[in-house]
Number of protein chains: 2
Amino acid sequence: MSHSGTSQARRADARQNVEKILDAAITSLSRNADASVSEIAQAAGVGRVTLYGHFPTRDALIEAALVRVISEGEAVLAKLDLSGDPRRALRVLIESSWLLIARASAVLAAAQTALPPGRVHQLHAEPAQRVDELIRRGQAEGAFRDDHPVTWLTSVLHHLLKGAAVDVANGLLAQADAPRLIAETVLAAYTRADT
Amino acid sequence: MSHSGTSQARRADARQNVEKILDAAITSLSRNADASVSEIAQAAGVGRVTLYGHFPTRDALIEAALVRVISEGEAVLAKLDLSGDPRRALRVLIESSWLLIARASAVLAAAQTALPPGRVHQLHAEPAQRVDELIRRGQAEGAFRDDHPVTWLTSVLHHLLKGAAVDVANGLLAQADAPRLIAETVLAAYTRADT
DNA sequence: GGTAAGTTGAACAGTGCTGTTCGAGTTGCA
DNA sequence: TGCAACTCGAACAGCACTGTTCAACTTACC
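The written sequence of each chain sets the order in which its residues are numbered from 1. The order in which chains are written sets their letters, starting at A; the order in which ligands are written sets their numbers, starting at 1. pLDDT decides what is reported in this predicted model: residues at 70 or higher carry local features, side-chain atom pairs at 80 or more are listed and counted, and totals for whole chains, interfaces and linings draw on all residues regardless. Side-chain measures here rest on the full set of heavy atoms in the structure, leaving out hydrogens and waters.

Caption draft 1: Region of the structure containing the pattern of salt bridges. Criterion for a salt bridge: a side-chain nitrogen of Lys or Arg within 4 Å of a carboxyl oxygen of Asp or Glu. The tally for this structure, following the rule as stated, stands at 26 salt bridges over all chains. A salt bridge links Asp13 of chain A to Arg11 of chain A; its shortest N-O distance comes to 3.0 Å. With its nearest N and O atoms 3.4 Å apart, the salt bridge here joins Arg180 of chain B to Glu184 of chain B. Here Glu184 of chain B and Arg180 of chain B lie together in helix α8 (residues 178-189), a separation of four residues that amounts to about one turn. Here the residues in one salt-bridge network are Glu19, Asp23, Arg68, Glu72 and Arg103 of chain A, joined through shared partners. Every helix listed is a DSSP run of H or I at least four residues long, and every strand listed is a run of E at least two residues long, numbered separately from the N terminus.

Have a look at this one:
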């Protein structure tokens, strides 16, 4: 029952419960950024005490959920072929990962208030850099506008993804339409307007 | 001391305190979406009991703050000349009101979790429609792309404004650069990209 | 089948919040 | 000057949550 350690020789159901809890944490935190531990435990179909058996504190649970959702995102990102035309690459990136990224940014927001400042950015740094490089390359090749700083362009991508997720959650936007609209909008935003 | 009523014959310092409280509520909620009543009272330089003297409940306070920040926005919006070239109008709209709108959306987010669902949208409907009409007109005149639904275009504007505010708060974006970047990005996003 | 590992609800202490009451102190205003 | 309006801190009850303990239970695994 000792939480973590070197993660060895745990009984099958224990490991399974950790998974269930993390899943429940991610979806619960997505719906409500300050979901209670009881709420998450219930969503996981597990007793509250069991949860505390695996995670010493609520913050630790949130951090674990964040790590998980980020590594999920990393896994998807790593599989993608982001070489070649930057505009195509960006489209691929958005269309194949927008749901995951939406989940991620929901948990990210939840973590932002619960974890020490900087910790989130630290965990998020690696996958973020991958996107960063794509955009930088796009600028260098003349595919994306270079009159805006990279940080702003990545920010735009981030906010539009997150915003679209919010819209879907609020029923203002259909799941199916989202990826296309996001991709077209981001590509347009990355292009200098004539006027 | 009776809260509200027909808002008459209140002593000067009382009215003044209500103002101080609302101001403090707006700025406090902008920093922290679930700021406590004590926090807000302290920020207003007022006792907690005094605050409860003016607002019966935390939710009532939040609603009042929302009403106030929205009407502030309305006041700014109403003063603007949004006729003529839609692209120019949109630029004017963003540059002259982005700070206010940022404040508004922060409080809006805070209210979203504290007020009954629909209430926020209800209060927000009027000023939102004004922007709606501008975008609709822009589409009709061929100034904005019409292959995306109006709801999405307004959403894009909304999310970019809010996102920029977050970036500024996090030190990722300079106050001074924000309006220009937002305006140029939104205008680009409203323009069909060649590719 | 036996045993250690894991789960569970009940119950506890501690904390921080909301909203209220009270009594004493200030202060606008006529 | 006087009084009602207002403010204020202290202190209260109620609630929800976080973590912890315990003793009984089920279950994976050899």
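Caption draft 2: Quick look at helix α6 (residues 119-140) of chain A. All names here are of chain A. With 22 residues, α6 extends 31 Å from end C-alpha to end C-alpha; this agrees with the ideal 32 Å at 1.5 Å per step. Of all the bends in α6, the largest measures some 55 degrees and sits at Ala125, one to four residues before the proline Pro127. Inspection of α6 places Val120, Pro127, Val131, Asp132, Leu134, Ile135, Gly138 and Gln139 among the buried residues, and these make up the whole buried set. Two residues qualify as a contact provided that any one of their heavy atoms is within 4.5 Å of a heavy atom in the partner residue. Among the structural elements, α4 (58-79), α5 (86-114) and α7 (150-169) are those in contact with the buried residues of α6. Downstream of α6 by a residue or two, Gly142 has a phi angle that is positive, lying close to 80 degrees. To estimate how far a helix should extend, the number of its residues minus one is multiplied by 1.5 Å. Bend at a given residue is defined as the angle between two axes, one fitted to the seven residues that end at that position and one fitted to the seven that begin there. The buried label applies to any residue whose accessible area, calculated with a 1.4 Å probe on protein chains only, is under 20% of its type's maximum; exposed applies above 50%, and partly exposed to all values in between.

Caption draft 3: Up close: the interface of chain A and chain B. The interface is formed by 30 residues belonging to chain A together with 31 residues belonging to chain B. Throughout, the accessible surface (probe 1.4 Å) given up by two parts as they are put together, summed over both, is called the buried area. Roughly 2300 Å² is buried in total at the junction of chain A and chain B, and carbon and sulfur atoms are behind 60% of that figure. At the boundary of chain A with chain B, the tally comes to two salt bridges. The residue Arg145 of chain A makes a salt bridge to Glu184 of chain B at a minimum N-O spacing of 3.9 Å. We call two N or O atoms a polar contact when they sit within 3.5 Å, provided that within protein one can donate a hydrogen and the other can accept it, with sequence-adjacent residues counted only if both atoms are side-chain atoms. One can count 10 residue pairs in polar contact (both at pLDDT 80 or more) joining chain A with chain B. Of all the elements in the fold, those that place two or more residues in the side of chain A that touches chain B are α5, α7 and α8 (178-189) of chain A. Per-element tally for the side of chain A that touches chain B: the top contributor is α7 of chain A, with nine residues. Across the side of chain A that touches chain B, the residue classes break down as 13 nonpolar, eight polar and nine charged. Each residue receives one of three labels: charged for Asp, Glu, Lys and Arg, nonpolar for Ala, Val, Leu, Ile, Met, Phe, Trp, Tyr, Cys and Pro, and polar for the others, Gly being one of them.

Caption draft 4: Up close: the packing of helix α6 (residues 119-140) of chain B against helix α7 (residues 150-169) of chain B. All names here are of chain B. Angles run from 0 to 180 degrees between N-to-C directions of axes, and those axes are lines fitted to C-alpha atoms, restricted for helices to the stretch in contact. Remark: α6 packs on α7, axes separated minimally by 10 Å, with the N-to-C direction vectors making an angle of 120 degrees. Considered as vectors, α6 and α7 are oriented oblique to each other. Crossing of α6 over α7 shows right-handed handedness. Each of Val131, Asp132, Ile135, Arg136 and Gln139 in α6 lies in contact with α7, whose residues at this interface are Val150, Leu153, Thr154 and Leu157. Class assignment of the residues belonging to the contact of α6 with α7 gives a composition of five nonpolar, two polar and two charged. Here roughly perpendicular refers to angles of 65 to 115 degrees, roughly parallel to angles under 35, roughly antiparallel to angles over 145, and oblique to all remaining angles. Should the near helix be turned anticlockwise from the far one by less than a right angle, the crossing is termed left-handed; should it be turned clockwise, right-handed.

Caption draft 5: Structural detail: the domain arrangement of chain A. Residue and element names in this part refer to chain A. The start and end points of each domain follow an automatic or database-based domain assignment. The domains assigned to chain A are domain 1 (1-56) and domain 2 (67-189). Placing a centre on the C-alpha atoms of domain 1 and another on those of domain 2 gives a separation of 27 Å. Contacts between the two partners involve eight residues from domain 1 and, on the opposite side, six residues from domain 2. Summed over both sides, the interface of domain 1 with domain 2 buries roughly 650 Å², with 63% coming from carbon and sulfur. When residues of domain 1 are sorted by the area they lose upon contact with domain 2, Ile26, Leu29 and Ser30 head the list and together hold 59% of the total. Linking domain 1 with domain 2 are two salt bridges, by the criterion used here.

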